[in-house]
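Working through the structure, step by step
Listed here are the chains, written in short residue letters.
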Amino acid sequence: MNEREQPSLIRLALESDTDTRVEPLDLGKRVRDLRMSRGWTLEQAAGQAGLARSTLSKIENGQMSPTYEALKKLATGLEISVPQLFTPPKKGQVNGRMAVTRSGEGGAHPTATYEHEMLAGALTKKAMLPYRARIRARSMEEFDGWVRHDGEEFLYVLTGVIRLYTEFYEPIEMRRGDSAYYDAAMGHNVVSVSPEDATILWVTSLG
């Protein structure tokens with residue numbers, strides 16, 4: 001059997017998240033993000049830094065270029081170093097972002113063996129790819145070889161009974177509430193062994 005390439009759903013997520021542009025740092029937005037990540041109001045942050053509320057507001061809104069003394073006060077108040085004020089979050093992370101996917105509203109990606117429903121599709125630059133899958137396959141013969149791809153993967157059985165086949169372990173029968181965490185570079189396939197199609201939650205790392 002030929003080994004399958006990285007699943008189209010995962011490849012799609014990786015391609016859509018590719019963005020090599022480097023944006024110039026917006027100091028005002030950086031200060032605001034740091035303040036809001038701590039849950040501080042303008043008054044609280046200004047008090048911590050020993051600055052006037054109006055001064056901090058102008059810095060955040062880009063209406064004032066702070067002096068070095070003001071930068072030192074800001075850094076001390078935020079409990080970080082001055083260089084950290086100019087260091088954007090790693091990998092373009094945004095504080096406090098969230099996506100809610102209502103039941104049945106995920107992006108559908110059907111295949112011959114699985115029917116994937118992508119979750120949190122509105123978020124880009126995800127570190128994880130969560131998706132619900134309906135398992136149509138009933139035997140290993142329905143697959144064109146092993147599925148394998150980069151990263152790690154978590155599987156949780158939602159309904160029905162499945163059999164998890166992996167390259168280096170004996171097949172494992174799993175029921176509702178059972179879970180598995182494994183190296184996704186190891187060949188793996190899942191089949192439903194219950195009368196109805198089983199459903200599972202899959203979470204794949206993209207880092």
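Residues numbered from 1 in each chain as written. Predicted model: local features only at pLDDT ≥ 70, side-chain atom pairs only at ≥ 80, totals over all residues. Heavy atoms only, no water.

With respect to the nonpolar core
Quick note on the threshold: Definition used in this section: a nonpolar core is a set of buried Ala, Val, Leu, Ile, Met, Phe, Trp, Tyr and Cys residues joined via side-chain atoms within 4.5 Å. Between buried and exposed lies partly exposed: a residue is buried under 20% and exposed over 50% of the maximum accessible area for its type, with that area taken using a 1.4 Å probe on protein chains only. Numbering of helices and strands starts at the N terminus; helices are DSSP runs of H or I of at least 4 residues and strands are runs of E of at least 2. Contacts: residue pairs with any heavy atoms within 4.5 Å of one another.
Ranked by internal contacts, the top residues of the largest apolar core, which has 24 residues, are Ile-135, Leu-155, Ile-162, Val-190, Ile-200 and Trp-202. Put simply, the parts of the chain that give this core at least two residues each are strand 2 (114-118), strand 3 (128-135), strand 4 (152-159), strand 5 (161-166), strand 7 (179-183), strand 8 (188-192) and strand 9 (198-205). Sorting elements by how many residues they give to this core places strand 3 first, with four residues. Among all residues touching Leu-155, those that are not within four sequence positions of it are Ile-162, Leu-164, Met-174, Asp-178, Ser-179, Ala-180, Tyr-182, Val-190, Ile-200, Leu-201 and Trp-202.

A few points about the pattern of salt bridges
Rules: Take a side-chain nitrogen of Lys or Arg and a carboxyl oxygen of Asp or Glu: if they are within 4 Å of each other, that pair is a salt bridge.
Counted under the stated rule, the structure contains eleven salt bridges. For Asp-33, the salt bridge is made with Lys-29, and the minimal N-O distance between the two is 2.9 Å. Pair noted here: Asp-33 and Lys-29 are both in helix 2 (residues 27-37), with a separation of four residues, about one helical turn. The class for Asp-33 is partly exposed, based on a relative accessible area of 25%.

Some remarks on the pairing of strand 4
In plain terms, the rule: Being paired, for any two strands, means DSSP has found at least two bridges between them.
Alignment of strand 4 against strand 7, held across five bridges, turns out to be antiparallel. Counterpart to Leu-155 in the pairing with strand 7 is Ala-180. Both strand 4 and strand 9 contribute to a ladder of six bridges, which runs antiparallel. Across the sheet, Phe-154 pairs through a bridge with Val-203, a residue of strand 9.

Shape descriptors only; they carry no functional weight alone.
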